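Close look at the chain arrangement
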Amino acid sequence: MRLKDRVALITGAGGGIGEATALLFAQEGAKVAVQDLNAQGAEKVAAAIAETGAQAIAVAGDVTKKADCENVVKTTVEKLGKLDILINNAGINKDAIARKMTEEQWDAVLSVNLKGTFLMCQAALAPMSAAKYGRIINTASIGALGNIGQANYSASKAGVMGLTRTLALEFARYAITVNCVAPGATETQMTAGIPEDIRKLIEGKIPFRRFAKAAEIAQAHLFLSSEQASYITGQTLFVDGGISVGI
Ligand SMILES: NC(=O)c1ccc[n+]([C@@H]2O[C@H](COP(=O)([O-])OP(=O)(O)OC[C@H]3O[C@@H](n4cnc5c(N)ncnc54)[C@H](O)[C@@H]3O)[C@@H](O)[C@H]2O)c1
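Residues numbered from 1 in each chain as written. Predicted model: local features only at pLDDT ≥ 70, side-chain atom pairs only at ≥ 80, totals over all residues. Heavy atoms only, no water.

**Points about the nonpolar core**
The condition that has to hold: Put simply, buried Ala, Val, Leu, Ile, Met, Phe, Trp, Tyr and Cys residues joined by side-chain atoms within 4.5 Å make one nonpolar core. Only protein chains enter the accessibility calculation, which uses a 1.4 Å probe; a residue whose area is less than 20% of its type maximum is buried, one above 50% is exposed, and one in between is partly exposed. Secondary structure follows DSSP: runs of H or I at least 4 residues long count as helices, runs of E at least 2 residues long count as strands, and numbering of each begins at the N terminus. In this description, contact between two residues means that some pair of their heavy atoms is separated by no more than 4.5 Å.
Ranked by size, the top nonpolar core spans 32 residues in total, and within it Ile10, Ala22, Phe25, Val32, Val34, Ile49 and Val181 carry the most contacts. Counting only elements with at least two residues in this core, the list comes to strand S1 (7-10), helix H1 (16-27), strand S2 (31-36), helix H2 (39-51), strand S4 (85-88) and helix H8 (214-225). Those residues in contact with Val32 that lie beyond four places of it in its chain are Ala8, Ile10, Ala22, Phe25, Ala26, Ile49, Gln55, Ala56, Ile57 and Leu80. Counting 27 residues, the second-largest nonpolar core is a separate cluster that includes Cys69, Leu83, Ala90 and Leu163.

Structure below.
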């Protein structure tokens, strides 16, 4: 077990990549705080973990609200004893070409993906710095490299990569590593609505010719959260079937 006795908090873990990560981390011995805006989703995942005999709590909250971020960290420490690992996975997209993108679409995506990640990192710093231990993994995307129709999403995810590098420098003194996973197209709710012809086009551009499974992204989270990654910080690991290579 690679996370025995560790406590992990995963945002947006009521479905998709966050759910797969929560299930894998519990299998690997971690106690897991399952955070999501969708309370029912969080409860469902925490219950599934509890059925396996592992310990999990569900905490509803909105990562764009500082008070909610502080609350989930406090609740995790109170109920699970400490906070070793933070996976900032919560994210949304609201696609439109730049000419037609509304201010609401811009603000919503930047707020969840970038501000939410910052607020959660800030909230986690108190218990992690006191313990002089921490693993923070943020979520970027292949979209950070540029994608038509995703000016807001791309900017938010490129922002997350810059935030990760800066926090890696600032948090190193507390022995906290801060890294980033950048998934390529992955089979979750976020991509479920892509029309079949567009999906085929995207698959054709991916060297592996398929979307990732959420469980494959979870494996990158596991590695960067493990003891094996103790000297890796400030990095972005693309998990994308090779699409970023050769761009
Ligand atoms: N699916 C992909 O192709 C893909 C590719 C690259 C990056 N990503 C990133 O991976 C992460 C997970 O995405 P996913 O594909 O599992 O999507 P998903 O929609 O299945 O899951 C996202 C979760 O985040 C939650 N969430 C949304 N807003 C929130 C908020 N304000 N506070 C708390 N929780 C909130 C949702 O309720 C949902 O459960 C996101 O950051 C996404 O941008 C996904």
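There's plenty left to go through after this.
**Side note on H1**
Because the α-helix completes a turn every 3.6 residues, residues three or four places apart line up on one side. So the rule is basically this: Each helix should span, by expectation, one fewer than its residue count multiplied by 1.5 Å.
Helix length check: H1, at 12 residues, gives a terminal C-alpha distance of 17 Å against a target of 16 Å (1.5 Å per residue), a fit within 8%. Backbone geometry just after H1 places Gly29 at a positive phi near 100°.

**Regarding the pattern of salt bridges**
This is how it is decided: We define a salt bridge as a contact between a side-chain nitrogen of Lys or Arg and a carboxyl oxygen of Asp or Glu at a distance within 4 Å.
Tallied over the full model, the rule gives 12 salt bridges. Of the charged contacts in the structure, one is a salt bridge between Lys4 and Asp5, with a shortest N-O distance of 3.8 Å. With a shortest N-O distance of 3.1 Å, Arg199 and Glu203 are connected by a salt bridge. Here Arg199 and its partner Glu203 are both found in helix H7 (residues 196-205), four residues apart, which amounts to about one turn of the helix. You can call Glu203 buried: its relative accessible area is 16%. When salt bridges that share partners are traced, they join Arg6, Lys82, Asp84, Arg135 and Glu227 into one network.

**Topic: the packing of H1 against H8**
Short version of the rule: All axes are obtained by fitting lines to C-alpha atoms, using only the stretch in contact for helices, and the reported angles, taken between N-to-C directions, cover 0 to 180 degrees. By the definition adopted for this analysis, an angle is roughly parallel if under 35 degrees, roughly antiparallel if over 145, roughly perpendicular if from 65 to 115, and oblique otherwise. Here is the rule for handedness: rotate from the far helix to the near one, and if that takes an anticlockwise turn smaller than a right angle the crossing is left-handed, while a clockwise turn gives right-handed. For this scheme, ten residues count as nonpolar: Ala, Val, Leu, Ile, Met, Phe, Trp, Tyr, Cys and Pro. Four count as charged, namely Asp, Glu, Lys and Arg, and the remainder, Gly too, count as polar.
Taken N-terminus to C-terminus, the directions of H1 and H8 make an angle of 55°; their axes are 8 Å apart at the nearest point. In terms of axis orientation, H1 runs oblique to H8. For the crossing formed where H1 meets H8, the hand is right-handed. Of the residues in H8, those in contact with Gly16, Ile17, Ala20, Thr21, Leu24 and Phe25 of H1 are Ala214, Ala215, Ile217, Ala218, Gln219, His221, Leu222 and Ser225. By residue class, the composition of the contact of H1 with H8 is nine nonpolar, five polar and no charged.

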